[in-house]
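Working through the structure, step by step
Listed below are the residues making up each chain.
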Amino acid sequence: MNAPMETVFGLLGGLAVFLFGMNMMSESLQKAAGAKMKSILSMLTSNPVLGVLAGAVATAVLQSSSATTVMAIGFVSARLMTLRQAIAVIFGANIGTTMTAQLMAFKLSDYIWLIVFVGFIVWFAAKDERVKNIGQTVFAFGLLFVGIDTMGAVMKPLAQSEVFLAMIDQVKDIPALGVAAGTVMTLVVQSSSATIAVLQSFASQPGPDGVTSVLGLQGSIPILLGDNIGTTITALLACIGQSRDAKRTAVAHSVFNVTGAFVFIWFVPLIAQFVQLLTPGPELDVIARQIANAHTTFNIVCTLLWLPFIGAMVKIVTFLVPGKAGEAAPGALVVLDDKILGQPVFAIRMFGEELQKYCDKVRAMLAALPEAIANRDAAALKALQADCAQVEAAESELANYAVELLSAGATSERQAAEISDLMFIVDAAGRIGSRCGEAAALYGERLSSKKPFSDEAREELAESAAMVADMYDAVLRFLSDGGTASEQVLDERRRQIVKRQSRARKAHFRRVGSRQCAPENKAVYNQLLLCLERAGNECSNLVEHGAELSMWGDALGADRPGSHDGGAPPVAKRSEAPVDELAEALA
């Protein structure tokens, strides 16, 4: 094989190993540190500094600014995060992604295969899932350096090529060419970490004199700036088909990097001198670290410059992407984003948020049913049937999303169990909503007939429906609070519903016998009571599994990120009254 082809294939192979190791490390780190990621997400408040910190830490763990940015776009699209919060997270993500370049600057050539071997043995032999994830992380970390070493080895002949050196001289003299080269490289590879790693590897090659870098720090910085511009294409692609705020989030990422590169390109010599002061030493020995420090300096300075002007950034992206914020599909009860399926911690959090909206919709239906029955409100009964169809559609969406999340292969055993438990809530609440819609349909049909229910029968039905609504509301608070002391109270509530319906049936039999009610109403009346009884039984099922479903509060979190800073209106707030107050109602 001739030398040029060997160089090309070696470069592509080394890049493939590097990207494979990067993706594997990102996935295993998410599994190993999944529980910690929830606390990071809970830091997302209206305070931009905390948002920057959360974005930086999340990206350092995920080892991908693109992953964090795509995640932020998904949250904005699902109205779990405001545009202002997402922009702060993206600022932090740009800082966090510099950790990869810092890792690549370490000289680990003598220990690479030892790291790969130890990581593989731990990954292969460990029985505990967390230990296996740690072993996989170490193994993937070793693969990163295998890829870097492979690329470095095949690029050595380039440092002696007169044609290639002439091209490098042009890049050194015209920084704009370096920016263009870095942008195109990252657009193709779709990973700024990979292109920066290639840059570090190539810059570490000696020039013709054998002492100085073939590229030098001053020639590397423009390419580095181009890498930062090219990485924004991933976010722009991710926002296609998303809400306007999601598109604005992606555009903000581009504005941040483009404006930063435009400012920095005028001060390349000054920046190079500053970084050389930070990292002194023989150029070939420290050039990789200097590039990493230049990358970190660029993102920290840009963040400090933009942080006081987040409001201005919001106005800029709103101007670039005009339209009303927070647009959602008409009639959609839940909004789920499949672009964050690869980050199960955040996907489960979003699933929990949408699940709460879903359960609150069922709560509203149950609350409206007694009044619609008592007032013989045909329009309200018809609206409840439409709400039932919406709940059933949302149930299907949630179930499909849970299947996709599990089949993505990124969930740990604990996360898989959590998804299964949350789906139990989805199924139970869906059946309750269906019973409510069925009751509304049955009563609506009888209301339009020539022989409607008597006033006494109507009051009994309304009272039974109200008892079920109260119990469901208490069950949701029970699941949220995890209060096992209320379990007996809720079970007694279900018994009271059954007793109340038994009395209602007997009273209806008497009315039919005395001709106060039409005999044709008997079957429908029993069906209505059966619907309400089944809804009460589903509430009891949720209570019985309450201990296993205590993660309901974990999935939703105490601090709802979408509730700050003028974001989407929060879901209906639960009553703060303790569930034990039900005991008084039973007296």
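Residues numbered from 1 in each chain as written. Predicted model: local features only at pLDDT ≥ 70, side-chain atom pairs only at ≥ 80, totals over all residues. Heavy atoms only, no water.

This paragraph deals with the overall build of the protein chain. Along its length, the protein chain carries 25 helices and 0 strands. Partitioning the intrachain contacts of the protein chain with sequence separation of at least 6 by distance along the chain shows that 82% fall at a separation of at least 24. Carbon and sulfur atoms make up 62% of the accessible area of the protein chain, which totals about 25100 Å². (Helix = DSSP H or I, 4+ residues; strand = E, 2+ residues; numbered from the N terminus. Contact = heavy atoms within 4.5 Å. Areas by Shrake-Rupley, 256 points an atom, 1.4 Å probe, with all protein chains shown as cover.)

Scored by pLDDT, the protein chain has a mean of 78; 77% of the residues are at 70 or more. Considering only residues more than four positions removed or in separate chains, one finds that residues 550-554, a stretch of pLDDT under 50, has 13 contacts. Note that pLDDT drops below 50 for residues 556-587; the model gives that stretch 69 contacts with residues more than four away or on any other chain. (pLDDT = per-residue confidence, 0-100.)

To continue, consider the nonpolar core. Grouped together as the largest cluster of nonpolar side chains are 71 residues, with contacts concentrated most on Y358, L369 and Y472. Put simply, the parts of the chain that give this core at least two residues each are α4 (65-77), α5 (83-96), α18 (344-374), α19 (378-407), α20 (413-447), α21 (455-481) and α23 (521-544). Shared between two domains, this core holds at least three residues of each, these being domain 1 (8-318) and domain 2 (337-553). If we skip the residues at most four places from it in the chain, L369 touches L381, L384, C436, A439, A440, A465 and L532. Counting 67 residues, the second largest nonpolar core, distinct from the first, contains A101, I112, F202 and V268. (Core = buried A, V, L, I, M, F, W, Y, C linked by side-chain atoms within 4.5 Å. Buried < 20%, exposed > 50% of the residue type's maximum accessible area, 1.4 Å probe, protein only. Domains from an automatic or database assignment.)

Bringing the packing of helix α10 (residues 175-189) against helix α12 (residues 216-230) into the picture now. Axis separation between α10 and α12 bottoms out at 6 Å; the angle between their running directions is 40°. Between α10 and α12, the angle is such that the two are oblique. As α10 packs across α12, the resulting crossing turns out to be right-handed. Contacts between α10 and α12 pair P175, G178, V179, G182, T183, T186 and L187 from the former with P222, I223, L225, G226, D227, I229 and G230 from the latter. (Axes fitted to C-alpha atoms, helices over the stretch in contact; angles between N-to-C directions. Parallel < 35°, antiparallel > 145°, perpendicular 65-115°, else oblique. Left-handed = near helix turned anticlockwise from the far one by under 90°.)

With that settled, consider α18. With 31 residues, α18 extends 45 Å between its outermost C-alpha atoms, agreeing within 8% with the 45 Å of an ideal straight helix rising 1.5 Å per residue. Of all the 31 residues making up α18, 25 are buried; the element is thus mostly covered by neighbouring parts of the structure. Just past α18, the residue R376 takes up positive phi, approximately 50°. (Expected span 1.5 Å × (residues − 1).)

Mapped onto this numbering, the UniProt entry gives "transmembrane region" (unreviewed entry) at residues 48-74, 86-105, 111-126, 138-155, 254-278 and 298-321. In residues 86-105, helix accounts for 90% and strand for 0%; the two terminal C-alpha atoms are 30 Å from one another. The distance from the first to the last C-alpha atom of residues 254-278 is 28 Å, and the span holds 88% helix and 0% strand. (UniProt positions renumbered as here; feature names shortened; annotations may be inferred.)

Turning our eyes to something else, we now look at the environment of V268. Its location among the elements puts V268 in helix α15 (residues 268-278). Considered as a pair, V268 and G219 are 49 residues apart in the sequence and their alpha carbons are 8.8 Å apart. In contact with V268, other than residues within four places in its own chain, are Q218, I221 and P222.

Attention now goes to the pattern of salt bridges. Per the stated rule, a full pass over the model turns up 11 salt bridges. Here K361 makes a salt bridge to D387, at a shortest N to O gap of 3.4 Å. Placement of the pair is K361 in helix α18 and D387 in helix α19, with a sequence separation of 26 residues. Residue classification places K361 among the partly exposed positions, given a relative accessible area of 22%. One network of salt bridges, with partners in common, ties together D360, R363, D473 and R477. (Salt bridge = Lys/Arg side-chain N within 4 Å of Asp/Glu carboxyl O.)

Bringing a nonpolar patch on the surface into the picture now. A cluster of nonpolar side chains, contributed by Y111, L114, F117, V118, F120, I121, V122, F124 and V131, occupies part of the molecular surface with about 850 Å² of accessible area. Ranked by the residues each element gives to the nonpolar patch, the list is headed by helix α7 (residues 112-125), at 7 residues. Looking at where F124 falls in the secondary structure, it is placed in helix α7. Classification of F124 as exposed rests on a relative accessible area of 63%. (Patch = residues over 30% accessible without salt bridge, like charges linked within 9 Å, V, L, I, M, F, W, Y side chains within 5 Å.)

Moving on: the packing of α5 against helix α17 (residues 310-320). Close contact between α5 and α17 brings their axes to 10 Å; oriented N to C, the two are set at 110°. Accordingly, the angle class assigned to the pair α5 and α17 is roughly perpendicular. Touching L83, R84, I87, A88 and F91 of α5 are I310, G311, M313, V314, V317 and T318, all from α17. When grouped by side-chain class, the residues that make up the contact of α5 with α17 number 8 nonpolar, 2 polar and 1 charged. (Nonpolar A, V, L, I, M, F, W, Y, C, P; charged D, E, K, R; others polar.)

The next subject is the environment of C239. Structurally, C239 can be placed in the loop between α13 (232-238) and α14 (244-264). Sequence-wise, C239 and K339 are 100 residues apart; in three dimensions their C-alpha atoms are separated by 9.5 Å. Every residue in contact with C239, bar those within four places of it in the chain, is listed here: I73, A246, K247 and A250.

Take the packing of aromatic side chains next. Within this structure, the stated rule accounts for 8 aromatic pairs. Summarising the aromatic geometry, the rings of F120 and F139 are spaced 6.1 Å apart at their centres and angled 55° between planes, so their arrangement reads as tilted. Within this pair, whereas F120 is found in helix α7, its partner F139 is found in helix α8 (residues 129-155), the two being separated by 19 residues in sequence. When the centroid spacing of 4.9 Å and the interplanar angle of 80° are considered together, the rings of F264 and F298 count as edge-to-face. With F264 in helix α14 and F298 in helix α16 (residues 283-306), this pair connects stretches of sequence that are 34 residues apart. Accessibility assignment for this pair places F264 and F298 in one class, buried. Counting every residue linked through ring pairs, the aromatic cluster contains F120, W123, F124 and F139. (Phe/Tyr/Trp six-rings, centres within 6.5 Å; stacked < 30°, edge-to-face > 60°.)

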